[in-house]
Amino acid sequence: MDPMSLVTPAIGLMFWTCIIFILLVLVLKKFAWKPILSAVDQRNESISNSLLAAEKARDEIASLTANNEQIIAQAKMDRDALLKEARDMKNEIISHAKDTASKEADKIITSAKEQISNEKMKALTELKNQVAAISIEMAEKVLGSELSNVDAQKDLVSQALKEKI
Amino acid sequence: MNNFSLRLLVSFLIILFFPNISFSEETTSKDDSELYNPVPAIMHHISDSHEWHLLGEGDASVTIPLPVILITEGNLDVFMSSAFNHGHTDVVKGDRVYSMDSHGHIHEKNHLSILDLSITKNVASMFLALIVMLFLFIISANKSKKNTGAPSGILSFIEPLVLFVRDDIVKPNLGHNYKKFLPYLLTLFFFILVNNLLGLLPGAANVTGNIAVTLVLSFITLIVTNFSANKSYWGHIFKPPGVPLALMPIMIPIELVGVFTKPFALMIRLFANISAGHIIILSLISLIFMAQSGLGTAGAFGLSPVSVLFVLFMYFIEILVAFLQAYIFTLLTSLFIGLATTEAH
């Protein structure tokens, strides 16, 4: 067999190869490559979109968690502040009450002392008045009895004069 | 490339020297023993023919007849190749008498010029490849249209290949305007791949190992490359930058030849690789028959396990080569287009 026949292209085969290949390019371009590649592109897009959405959701959850922690911390702080305020208020109330009580007591004591001294003065005055009255009475009684006697009156006057001179 | 050149050498050795050896043996040692000559069978298997040979030898062979389409001086003659009766009968159509010689070529008795557009074995095999490809890819496309999730079924096999061609062959070489050439390059890749793989089936045709097929494919590469070429590509050919004026008469023809050598290398590479693969497998199988004719039946039995193991090994290599050659042809074509369309730098 002639070896050159292997490297001699046959016209008919070239013709049919052309037709088949060009037909394949045209048909596959429209009915195969376009749908397959567009489906792949679509899928790639949806995958990247989903990944983005997942990332976003994860970020949101993270921020939510952070928010929750912040809220809890805030609540703790508020509670502490409230407790502190309450304690302070209690202390204040107690001290205020103590103050008021001692002041009231002082006032009562003072007024009691005043009253006592007033009463004492009153009693003293009365005593004095009574002593004076009694003395006058006694003096009247004494004088009454003494002045009935003329000598005694004379003695008294003289004595008084002596004392004066 | 080493593997390629080695196999090219082997194939040429077989093609060129075996006929001489067998001729000399036919003349000198015809009487003592007739050593089996594998060359006719191998050449028959890797050549195109007007009928699809399944089994048997000579007149007893079982073949599928294929349509013969001839245009002889303006007359269209169509008949089945079985009408030749393996070359024994002439076919008469009007005033035209066709005969088939022992190589399977059709001649006209009155030496009229024939345009042979027959559906040969290779054309039939290519139509089979066309059907296989349309079936595979249109099913895949329908699947991809329906299904928005992960690819399933046949699509999960097709899609990674399509994406491999797009992302690893076409995009790196063509850059941003790859979309224009993608359908052509995808079809080219799968056309070569499917024909390579179909050629490996027992009894199949040697489509991509036929120079006419690779010629057409590389010619399309030539056309696409040069018709999409921009100013800087032609500038590099007709006014190579940085070359002294005195060298222009040498450089311009070299550059012009370069335009044709690139697709020419594509044509030879695919043809030689696939043909060589077929020749090696057929030669290894022929070893059994050569052993039988030389050493007798015992020798054939002894040699056949070795031969079968080698053939099995070669088959795996051929599957690899089927993918590799489709990859290389597509890669180089996109590289050439990329070089022709790249912006001046």
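Residues numbered from 1 in each chain as written. Chains lettered and ligands numbered in written order. Predicted model: local features only at pLDDT ≥ 70, side-chain atom pairs only at ≥ 80, totals over all residues. Heavy atoms only, no water.

**Student:** I'd like a description of the overall build of chain B, backed by residues and values.
**Tutor:** Each helix and strand counted, chain B has nine helices and eight strands in total. The burial tally for chain B puts 45% of its 345 residues in the buried class. Long-range pairs, those at least 24 residues apart, make up 64% of the contacts in chain B between residues at least 6 apart in sequence. Of the roughly 17,400 Å² that chain B leaves accessible, carbon and sulfur atoms contribute 71%. (Helix = DSSP H or I, 4+ residues; strand = E, 2+ residues; numbered from the N terminus. Buried < 20%, exposed > 50% of the residue type's maximum accessible area, 1.4 Å probe, protein only. Contact = heavy atoms within 4.5 Å. Areas by Shrake-Rupley, 256 points an atom, 1.4 Å probe, with all protein chains shown as cover.)

**Student:** Before we move on, can you summarise the overall build of chain A with the specific residues and values?
**Tutor:** Along chain A, the regular secondary structure elements total two helices and zero strands. Radius of gyration (C-alpha) of chain A: 66 Å, far over the 15 Å computed for a compact globule of 165 residues. Taking the principal axes of its C-alpha atoms as reference, chain A extends roughly 210 × 30 × 20 Å. Within the span of chain A, comprising 165 residues, buried residues form 12% of the whole. In the structure as shown, chain A presents an accessible area of about 13,300 Å², 63% of it carried by carbon and sulfur atoms. One way to put it: in chain A the 22 positive side-chain charges average out to a point 5 Å from where the 24 negative ones average out. (Rg over C-alpha atoms; globule rule 2.2 N^0.38 Å. Lys, Arg positive; Asp, Glu negative; His and termini not counted. Charge placed at Lys NZ, Arg CZ, Asp CG, Glu CD.)

**Student:** I'd like a rundown of the packing of helix H2 (residues 39–46) of chain B against helix H8 (residues 248–295) of chain B, residues and numbers included.
**Tutor:** Residue and element names in this part refer to chain B. The geometry of H2 relative to H8 is characterised by a closest axis approach of 10 Å and an angle of 145° between their N-to-C directions. The handedness of the crossing between H2 and H8 comes out as right-handed. Between H2 and H8, the residues in contact are Ile42, His45 and Ile46 and His278, Ile279, Leu282, Ser283 and Ser286, respectively. (Axes fitted to C-alpha atoms, helices over the stretch in contact; angles between N-to-C directions. Left-handed = near helix turned anticlockwise from the far one by under 90°.)

**Student:** Mind laying out the sheet that holds strand E4 (residues 75–80) of chain B, listing which residues take part and the relevant values?
**Tutor:** All names here are of chain B. Across the sheet, which stays open at both edges, the three strands sit in the order E4-E3-E8 with antiparallel pairing between neighbours. If you trace the sheet from one side to the other, it starts and ends with E4 and strand E8 (114–116), each paired once. Strand-to-strand twist of the sheet, defined as the mean angle between neighbouring strand axes without regard to direction, takes the value 25°. Pairing geometry for strand E3 (residues 67–72) and E4, over six bridges, is antiparallel. Residue pairing for E4: Pro67 is matched across the bridge by Met80. (Pairing = 2+ DSSP bridges.)

**Student:** Kindly report on the pairing of strand E2 (residues 62–65) of chain B, identifying the contributing residues and their values.
**Tutor:** Pairing analysis gives four bridges linking strand E1 (residues 51–55) of chain B to E2(B), with the strands arranged antiparallel. Within the sheet, the bridge partner assigned to His53(B) lies in E2(B) and is Thr63(B).

**Student:** Can you tell me about helix H6 (residues 211–227) of chain B, naming the residues and giving the values?
**Tutor:** All names here are of chain B. Taking 1.5 Å per residue, 17 residues should reach 24 Å; H6 reaches 24 Å between its end C-alpha atoms and fits that length. A large share of H6 lies buried, amounting to twelve of its 17 residues. Among all positions in H6, only Ile211, Ala212, Val213, Thr214, Val216, Leu217, Ser218, Ile220, Thr221, Leu222, Thr225 and Asn226 are buried. (Expected span 1.5 Å × (residues − 1).)

**Student:** An account of the interface of chain B and chain A is requested, with residue identities and associated values reported.
**Tutor:** How big an interface is tends to be reported as the loss of accessible area on association of its parts. Contacts between the two partners involve 52 residues from chain B and, on the opposite side, 34 residues from chain A. Note on chain B versus chain A: buried area summed over both sides is about 3,900 Å², and carbon and sulfur give 84% of it. Across the pair Asp41(A) and Arg166(B) runs a salt bridge whose closest N-O atoms are separated by 3.2 Å. Seen at the junction of chain B and chain A, the total is seven residue pairs in polar contact (both at pLDDT 80 or more). Of all elements in the fold, only H2, E8, helix H3 (121–146), helix H4 (155–174), helix H5 (182–199) and H6 of chain B reach the threshold of two or more residues within the side of chain B that touches chain A. Ranked by residues supplied to the side of chain B that touches chain A, first place goes to H3(B) with 13 residues. Among the residues forming the side of chain B that touches chain A, the class breakdown is 36 nonpolar, eleven polar and five charged. (Buried area = accessible area lost by both parts, 1.4 Å probe. Salt bridge = Lys/Arg side-chain N within 4 Å of Asp/Glu carboxyl O. Polar contact = N/O pair within 3.5 Å; in protein donor to acceptor, adjacent residues only side chain to side chain. Nonpolar A, V, L, I, M, F, W, Y, C, P; charged D, E, K, R; others polar.)

**Student:** Account for the packing of aromatic side chains, naming residues and giving values.
**Tutor:** All names here are of chain B. Across all of its chains, the model carries 14 aromatic pairs over all chains by this definition. Judged by centre distance (5.7 Å) and plane angle (35°), the rings of Phe164 and Tyr327 are tilted. Separated by 163 residues along the polypeptide, Phe164 in helix H4 and Tyr327 in helix H9 (residues 297–341) bring together distant segments of the chain. Taking relative accessible area as the criterion, Phe164 reaches 32% and is therefore assigned partly exposed. Considering the side-chain rings of Tyr233 and Trp234, the 5.0 Å spacing of their centres and the 75° angle between planes classify their relative orientation as edge-to-face. For Trp234, a relative accessible area of 32% gives the class partly exposed. (Phe/Tyr/Trp six-rings, centres within 6.5 Å; stacked < 30°, edge-to-face > 60°.)

**Student:** I'd like a description of the environment of Lys171(B), backed by residues and values.
**Tutor:** Mapped onto the fold, Lys171(B) is located in helix H4. Ignoring sequence-local partners within four residues, the contact set of Lys171(B) consists of Arg166(B) and Tyr178(B).

**Student:** Explain the environment of Met126(B) to me, using residue names and the numbers behind them.
**Tutor:** With respect to the helices and strands, Met126(B) occurs in helix H3. A sequence separation of 160 residues divides Met126(B) from Ser286(B), and the C-alpha atoms of the two residues are 27 Å apart. Apart from residues lying up to four places away in sequence, Met126(B) is in contact with Leu13(A), Thr17(A), Ile20(A), Phe191(B), Asn195(B), Val207(B) and Val213(B).

**Student:** Quick one: what's the story with the sheet that holds strand E5 (residues 91–93) of chain B, residue by residue and with numbers?
**Tutor:** Residue and element names in this part refer to chain B. One open sheet accounts for three strands, arranged E5-E6-E7; its pairing is antiparallel. Either end of the sheet is taken by a strand with one partner, and the two such strands are E5 and strand E7 (106–108). Direction aside, neighbouring strands of the sheet carry axes that sit 30° apart on average. The pairing of E5 with strand E6 (residues 96–100) spans three bridges and is classified as antiparallel. Residue pairing for E6: Val92 is matched across the bridge by Val97.

**Student:** Please provide a residue-by-residue account of a positive patch on the surface, values included.
**Tutor:** A cluster of basic side chains, namely Lys29(A), Lys30(A), Lys34(A) and Lys145(B), defines a positive patch on the protein surface. Per element, the largest residue contribution to the positive patch is three residues, and it comes from helix H1 (residues 11–147) of chain A. Position of Lys29(A) relative to the elements: it lies in helix H1. Assessed through its relative accessible area of 39%, Lys29(A) is described here as partly exposed. (Patch = residues over 30% accessible without salt bridge, like charges linked within 9 Å, V, L, I, M, F, W, Y side chains within 5 Å.)

**Student:** Tell me about the pattern of salt bridges, and please be specific about residues and values.
**Tutor:** Per the stated rule, a full pass over the model turns up eleven salt bridges over all chains. One salt bridge in this structure joins Arg96(B) and Asp77(B), with 2.7 Å as the shortest N-O distance. Placement of Arg96(B) in strand E6 and of Asp77(B) in strand E4 is noted, with a sequence separation of 19 residues between them. With respect to class, Arg96(B) is no different from Asp77(B); both count as buried. For Asp95(B), the salt bridge is made with Arg96(B), and the minimal N-O distance between the two is 3.0 Å. Under the relative-accessibility criterion, Asp95(B) is labelled exposed at 56%. Salt bridges linked by common partners bring Asp41(A), Arg166(B), Asp167(B) and Lys171(B) together as one network.

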